[in-house]
Amino acid sequence: MPGRSAVVALTDRRWFDFLRSRADQGRLDEVNFWRPKATTEFRSLNAGEPFFFRLKSPINAIVGYGFFAHSTRIPVHLAWEAFGERNGDPDFKGFVSRIAEYRRQPVEQVRSDPGGVVCLIVRSVRFFPEAEWKQWGGGQKWSRNIVAYKTYDLDAGAGVALRDMLQGIQPPDLEAEYRPTHEDSRLLAERQIAVREGQGSFRVRILDAYGRRCAVTGERSLPVLDAAHIQPYRGPASNHVQNGLSLRADLHRLFDAGYVTVTPERRFVVSQRLKDDYENGRVYYELHGAGLVVVPGDPRKAPSPAALEWPAANVFR
């Protein structure tokens, strides 16, 4: 059962129509519900609780929902790198232009704004067919002067009607604890190419959990930071924040190749094979045995010891 609260949020019609046109049978794995004028992060829901989309007048109806994953304020270029068209626009130029339009600012000012844009990341999105749009107004305690969103209790009043609209369960990557999986639940596209769902959400959540720094070196240069899966991606459950590390790009490649690993005690270890295979690696051996310099302050977001055991047993050389 999802969380006991839900939010109904006013939704831009252009954003909705574009994303609905990109949906597969009315569904998308993730979207970025960005707020162009907001200055603070969204704190009205916990991860995994339902987030409903309500179109403004003259529609005045709930037209879909997803599950809230994360709120953050990030540079617009990172929002585009993470979510692309899932931002609700076909290209970066259009994305920036729409933010500028809402803010009544020049495009270049938006593009270079270090404060970026507030993003509400929503997972496992479902857009209702028009015949299923649910009128939502005064009878549901929705006031005309609401300009952003309203929170409801799913166990009382109008919130019960929201609960009845839910047709899916919260994504496994939003559950409280990560458990390494032995099953491959990836979606496969044509030609048996694995489709990675929820990658934008995973990247942003991991980078935020580590303060946008490399866990091993403390590096802060955002363009070279990756969100690395500890146990390789095997489906949406793999995108749990406890199955991730923020790593500098070169360390990420070495981690995936088995030349370095992080122990369950959170120590960085370099394999002798790196020197044997490439007759080099001095810069990495200098880090050998050191503890992680950055660990999430929230223990619910720290790397799972069970996850860290997996690469040591199955990948590390």
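Residues numbered from 1 in each chain as written. Predicted model: local features only at pLDDT ≥ 70, side-chain atom pairs only at ≥ 80, totals over all residues. Heavy atoms only, no water.

(A) Highlighting the overall build of the protein. Assigned secondary structure in the protein consists of 10 helices and 13 strands. For 317 residues, the compact-globule estimate of 2.2 N^0.38 gives 20 Å, and the C-alpha radius of gyration of the protein, at 21 Å, lies within 12% of that figure. In terms of its C-alpha atoms, the protein occupies a principal-axis envelope of roughly 70 × 45 × 40 Å. Relative to its 317 residues, the protein shows a buried fraction of 50%. (Helix = DSSP H or I, 4+ residues; strand = E, 2+ residues; numbered from the N terminus. Rg over C-alpha atoms; globule rule 2.2 N^0.38 Å. Buried < 20%, exposed > 50% of the residue type's maximum accessible area, 1.4 Å probe, protein only.)

(B) Structural context of the nonpolar core. Phe-51, Phe-52, Phe-53, Trp-136 and Leu-162 are the most contacted members of the largest nonpolar core, which totals 92 residues. In this view, Phe-52 contacts Ala-6, Val-7, Val-8, Ala-9, Ile-62, Gly-64, Tyr-65, Leu-162, Met-165 and Leu-166; residues no more than four positions away in its chain are not counted. (Core = buried A, V, L, I, M, F, W, Y, C linked by side-chain atoms within 4.5 Å. Contact = heavy atoms within 4.5 Å.)

(C) Spatial organisation of the packing of aromatic side chains. By the definition in use, this model includes 20 aromatic pairs. With a centroid separation of 5.4 Å and 65 degrees between ring planes, the pair formed by Trp-15 and Phe-53 is classed as edge-to-face. You can see Trp-15 sitting in helix 1 (residues 13-22) and its partner Phe-53 sitting in strand 3 (residues 50-55), a full 38 residues away along the chain. Among the residues examined, Phe-53 registers a relative accessible area of 0% and is labelled buried. Here the aromatic rings of Phe-52 and Tyr-65 are separated by 5.5 Å at their centres, their planes lie at 40 degrees, and the arrangement is tilted. Taken together, the residues span a long stretch of sequence, with Phe-52 in strand 3 and Tyr-65 in strand 4 (residues 61-74) at a distance of 13 residues. An aromatic cluster is present here, built from Trp-15, Phe-16, Phe-33, Phe-42, Phe-51, Phe-53, Phe-68, Phe-127, Trp-133 and Tyr-149 joined pairwise through their rings. One Lys or Arg, Lys-150, reaches over the ring of Tyr-152 and ends 5.4 Å from the middle of that ring. Across from the ring centre of Tyr-259, 4.4 Å away, lies the NZ or CZ of Arg-317, which sits over that ring. (Phe/Tyr/Trp six-rings, centres within 6.5 Å; stacked < 30°, edge-to-face > 60°. Lys NZ or Arg CZ within 6 Å of the ring centre and 35° of its normal.)

(D) Structural view of the pattern of salt bridges. Applying the stated criterion across every chain, the model contains 22 salt bridges. Residue Glu-85 is joined to Arg-22 by a salt bridge in which the shortest nitrogen-to-oxygen separation is 3.0 Å. You can see Glu-85 sitting in the loop between helix 2 (76-83) and helix 3 (92-103) and its partner Arg-22 sitting in helix 1, a full 63 residues away along the chain. Shared partners join several salt bridges into a network, and the residues in it are Arg-13, Asp-17, Arg-20 and Glu-130. (Salt bridge = Lys/Arg side-chain N within 4 Å of Asp/Glu carboxyl O.)

(E) Main features of the packing of helix 2 against helix 6 (residues 199-209). In the contact formed by helix 2 and helix 6, the axes pass within 7 Å of each other and the chain directions differ by 140 degrees. On the basis of the axis angle, helix 2 is oblique to helix 6. Mapping the contact onto sequence places Leu-78, Glu-81, Ala-82 and Phe-83 in helix 2 and Gly-200, Ser-201, Arg-203 and Val-204 in helix 6. In terms of residue class, the contact of helix 2 with helix 6 is built from four nonpolar, two polar and two charged. (Axes fitted to C-alpha atoms, helices over the stretch in contact; angles between N-to-C directions. Parallel < 35°, antiparallel > 145°, perpendicular 65-115°, else oblique. Nonpolar A, V, L, I, M, F, W, Y, C, P; charged D, E, K, R; others polar.)

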